[in-house]
Amino acid sequence: MVTFEELGLPAGLCDAARAAGWESPTPVQVSAVPAGMSGSDIKVRAQTGTGKTGAYAFVLLSITSPGSQNPTSIVIAPTRELAMQVDTEIRRLAKGSGHTCVPVYGGADISNQIRQLRRGADIVIGTPGRLRDLITRGELALDNVSVGVIDEADRMLDMGFQEDLDFILDALPEERQTMMFSATLDGPVADLASEKLKDPVDVDVSGHDAVTGLTRQYFVKCMRQEKKDLLRVLVSRGTPKVIVFVATKVYVDEIYHEMKDDGLKVGTLHGDMPQDLREKVIGLFRDNRITILLATDVAARGLDISDVDMVVNYDIPFDAETYVHRIGRTGRAGKEGIAVSFVTTRDMRFLPDYEEATGVSAEFIEPTEMEPIIADHPVVERKKREPRRKEGSRKSPAGKRGPKAKADRNAPLYDTTTIEISLGKADGFKRVEIANIVRKRARLDDGAVGKVGLSENSSFVEVPSDMAEYIIGELDGCTVEGRKITARAAPRKTKMGDRKEE
């Protein structure tokens, strides 16, 4: 077994890696770190969950010095969620090197991010749109950058960030090292590599063993109506920490309420939740205050928590890539994990693709045949959470009002704001087209747009309140089918439910 020391890492980084719970380097780290530390450009084909963030973090923290006013390294990530997770992971490792990081992404207060940059940073991690904005404003100086990282390049291009990505890379110094990580290295990704990388070293750990080698895969034949009972059996056998992938947010909420009523420590993660609530739920799961996380693919993309014992595919995905991504949430940091997939008769047709992608034959079991997972997941106490004790106040009798509590149980867990856009029926648009315009222009997740109301000359769209200002800024003044549109917060006097179509 290769050790962190054998990769040539400084002693402080080796200690920080072990303190983070990493027992030994992953295959992608073993292959990519030496190539990266040699100063060569590298392009790495690796799936999410292989330890690729640690791979480039080790390189950045080893070959650059801490204490810079302007960044010496930049990491470009496709989404806010990934940017924040990369920031968290690099900060953990940077305890052994002294580097400072600043994450920047859309949907958050840019003035606060500017203040952080002005205080100085060694590493900036950000999404393409926000990075370009900060560069254009003159608030992000790239003159000292010696290493650039393109993370999840394939996803970046799929999301339409080619222009922003080109802008950022062209703004970097000509003499630099570039490391690109992607699940695929063909098509547009290959074009990007040939244009922006210089004689790169190829690292390919896409053989899915890197993702699933520590994950035992099981399949359970069942009918749709049996799934809830089967899930209860799985989560009740021992003390597992579990991520359950469900097809839609409607089913996520339905299962959540039933499991919550059973007294289980359960939480939800789906695309309709605003960013601050997503971060809170992920924090609760990471700190073991909840041990069962019900999630959709949109919300859980890039989720990086190392001590997940089991992944349950309550609803299996239609493609092998998503299947591999999901089960890669367990079997991490050198620890074994279990993936269990519920399959109906109609689902059986997808299994050959899974087998081909993972190199593992499908093994069918009954949940009662599985050994209980006995895992220790103590609650992590954090000083910042102490003010929550105020919630225990008994001064108000509201908690005794049964009917009100029942109504609150099904209330939304987040606030929405209605925005008005100057496109309507007269312009030939339908609700779904309006929703798609908002998602594309503001680069939102699939579930981030709520109800859409349509009148003759305007449309009214529900969006997460904490993102409303950002979304309006992205839409106002843009051109749709040759027409410049305006966007603003809708008048408060009319609620979406009361709004009548003309």
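Here, every reference points to the structure presented above.
Please read these numbers as outputs of a predicted model, since none were measured by experiment. (Residues numbered from 1 in each chain as written. Predicted model: local features only at pLDDT ≥ 70, side-chain atom pairs only at ≥ 80, totals over all residues. Heavy atoms only, no water.)

Draft legend 1. How the structure looks around the overall build of the chain. When you go through the chain residue by residue, the secondary structure sums to 19 helices and 19 strands. Looking at the chain as a whole, 53% of its 502 residues are labelled buried. For the chain, the share of sequence-separated contacts (at least 6 apart) that also reach a separation of at least 24 residues comes to 76%. (Helix = DSSP H or I, 4+ residues; strand = E, 2+ residues; numbered from the N terminus. Buried < 20%, exposed > 50% of the residue type's maximum accessible area, 1.4 Å probe, protein only. Contact = heavy atoms within 4.5 Å.)

Draft legend 2. Summary view of the environment of Val 203. Looking at the element boundaries, Val 203 is found in strand S7 (residues 201–204). Its relative accessible area of 5% is what places Val 203 among the buried residues. As a C-alpha pair, Val 203 and Ala 46 span 157 residues in sequence and 8.4 Å in three-dimensional space. Among residues more than four places away in sequence, those in contact with Val 203 are Ser 31, Ala 32, Lys 43, Val 44 and Arg 45.

Draft legend 3. Region of the structure containing the pattern of salt bridges. Evaluation of the coordinates by the stated rule reveals 25 salt bridges. Across the pair Arg 45 and Asp 204 runs a salt bridge, and its minimum N-O distance is 3.7 Å. Of the two residues, Arg 45 sits in strand S1 (residues 42–45) while Asp 204 sits in strand S7, which places them 159 residues apart along the sequence. Owing to a relative accessible area of 31%, Arg 45 belongs among the partly exposed residues under this scheme. Taking relative accessible area as the criterion, Asp 204 reaches 51% and is therefore assigned exposed. Here Arg 224 ties to Asp 315 by a salt bridge, and the two come within 2.5 Å at their closest N and O atoms. Here Asp 315 lies in the loop between strand S12 (310–313) and helix H15 (320–327) and Arg 224 lies in the loop between strand S8 (215–221) and helix H11 (227–236), a separation of 91 residues in the sequence. (Salt bridge = Lys/Arg side-chain N within 4 Å of Asp/Glu carboxyl O.)

Draft legend 4. Expanded view of the packing of helix H6 (residues 128–136) against helix H8 (residues 162–171). Axis separation between H6 and H8 bottoms out at 9 Å; the angle between their running directions is 45°. Regarding the angle of H6 to H8, the classification is oblique. In this structure, the crossing between H6 and H8 has a hand that is left-handed. In this structure, H6 uses Pro 128, Gly 129, Leu 131, Arg 132, Ile 135 and Thr 136 to contact H8, whose residues at the interface are Glu 163, Asp 164, Phe 167, Ile 168 and Ala 171. (Axes fitted to C-alpha atoms, helices over the stretch in contact; angles between N-to-C directions. Parallel < 35°, antiparallel > 145°, perpendicular 65-115°, else oblique. Left-handed = near helix turned anticlockwise from the far one by under 90°.)

Draft legend 5. Molecular detail of the sheet that holds strand S15 (residues 452–454). As summarised here, the arrangement of the four strands in space is S15-S16-S14-S19, forming an open sheet in which the pairing is antiparallel. The open sheet is flanked by S15 and strand S19 (487–489), the only strands paired with a single partner. With direction set aside, neighbouring strand axes in the sheet form an average angle of 25°. Note that strand S14 (residues 416–421) and S19 share three bridges and pair antiparallel. From the neighbouring strand, Ile 421 faces S19, where its bridge partner is Ala 487. The strands that helix H18 (residues 431–442) touches are S14, S15 and strand S16 (459–464); relative to S15, the one it contacts most, it runs at about 125°. Against the sheet, helix H19 (residues 468–475) engages S14, S16 and S19, with an angle of about 15° to S14. (Pairing = 2+ DSSP bridges.)

Draft legend 6. Main features of the packing of aromatic side chains. Going through the model one piece at a time under the given rule, you end up with eight aromatic pairs. A ring pair is formed by Phe 219 and Tyr 354, whose centres lie 6.4 Å apart and whose planes are at 15°; its orientation type is stacked. Of the two residues, Phe 219 is situated in strand S8 and Tyr 354 in helix H16 (residues 351–358); the sequence distance between them amounts to 135 residues. You can call Phe 219 buried: its relative accessible area is 3%. For Tyr 354, a relative accessible area of 1% gives the class buried. Taking the centre distance of 6.1 Å and the plane angle of 50° together, the rings of Phe 219 and Phe 364 count as tilted. Of this pair, Phe 219 sits in strand S8 while Phe 364 is found in the loop between H16 and helix H17 (402–409), placing the two residues 145 residues apart along the sequence. What links up through ring pairs into an aromatic cluster is the set Phe 219, Tyr 323, Tyr 354 and Phe 364. The ring of Phe 364 has Lys 221 sitting right over it, with the charged end atom 4.8 Å from the ring centre. Note that Lys 241 overlies the ring of Phe 285, its terminal NZ or CZ placed 4.8 Å from the centroid. (Phe/Tyr/Trp six-rings, centres within 6.5 Å; stacked < 30°, edge-to-face > 60°. Lys NZ or Arg CZ within 6 Å of the ring centre and 35° of its normal.)

Draft legend 7. Region of interest: the nonpolar core. Formed by 41 residues in total, the largest nonpolar core has its most connected members in Tyr 56, Phe 58, Ile 90 and Met 179. For this core, the elements supplying multiple residues, two or more each, are helix H1 (11–19), helix H2 (27–37), S1, helix H3 (52–63), helix H4 (80–94), strand S4 (123–126), strand S5 (147–150) and strand S6 (177–182). Not counting residues up to four positions away in its chain, the partners in contact with Met 179 are Gly 36, Ile 42, Tyr 56, Val 59, Leu 60, Val 147, Gly 148, Val 149 and Ile 150. In terms of nonpolar packing, the next biggest core, distinct from the first, is built from 29 residues, Ile 76, Leu 169, Val 189 and Leu 192 among them. (Core = buried A, V, L, I, M, F, W, Y, C linked by side-chain atoms within 4.5 Å.)

Draft legend 8. Looking closely at the side chain of Asn 313. Structurally, the position occupied by Asn 313 is in strand S12. Classification of Asn 313 by relative accessible area gives buried; the value is 0%. Within the local environment of Asn 313, its side chain forms a polar contact with the side chain of Arg 326, the two groups lying 3.0 Å apart. When sequence neighbours within four positions are dropped, the list of residues in contact with Asn 313 reads Phe 245, Tyr 323, Arg 326, Ile 327, Val 340, Ser 341 and Phe 342. (Polar contact = N/O pair within 3.5 Å; in protein donor to acceptor, adjacent residues only side chain to side chain.)

Draft legend 9. Region of the structure containing the sheet that holds S12. The sheet built from six strands is open, its strands ordered S8-S13-S12-S9-S11-S10 with parallel pairing. The outermost strands of the open sheet, each flanked by one partner alone, are S8 and strand S10 (266–269). Neighbouring strand axes in the sheet, compared pairwise and without regard to direction, differ in orientation by 20° on average. Bridge count between S8 and strand S13 (residues 337–343): seven bridges; the pairing is parallel. Within S13, the position partnered with Tyr 218 by the bridge is Val 340. Along the sheet, helix H12 (residues 249–261) makes contact with S10 and strand S11 (292–295), crossing S10 at roughly 170°.

Draft legend 10. Representation of H4. Here H4 contains 15 residues, and its C-alpha end-to-end distance of 21 Å stays within 8% of the 21 Å for a straight helix at 1.5 Å per residue. Across the 15 residues of H4, twelve count as buried, placing the element largely inside the fold. For H4, every residue scored as buried is listed here: Arg 80, Glu 81, Leu 82, Ala 83, Met 84, Gln 85, Val 86, Asp 87, Glu 89, Ile 90, Leu 93 and Ala 94. In this structure Thr 79 caps H4, since a side-chain oxygen of it lies 3.1 Å from the backbone nitrogen of Leu 82. (Expected span 1.5 Å × (residues − 1).)

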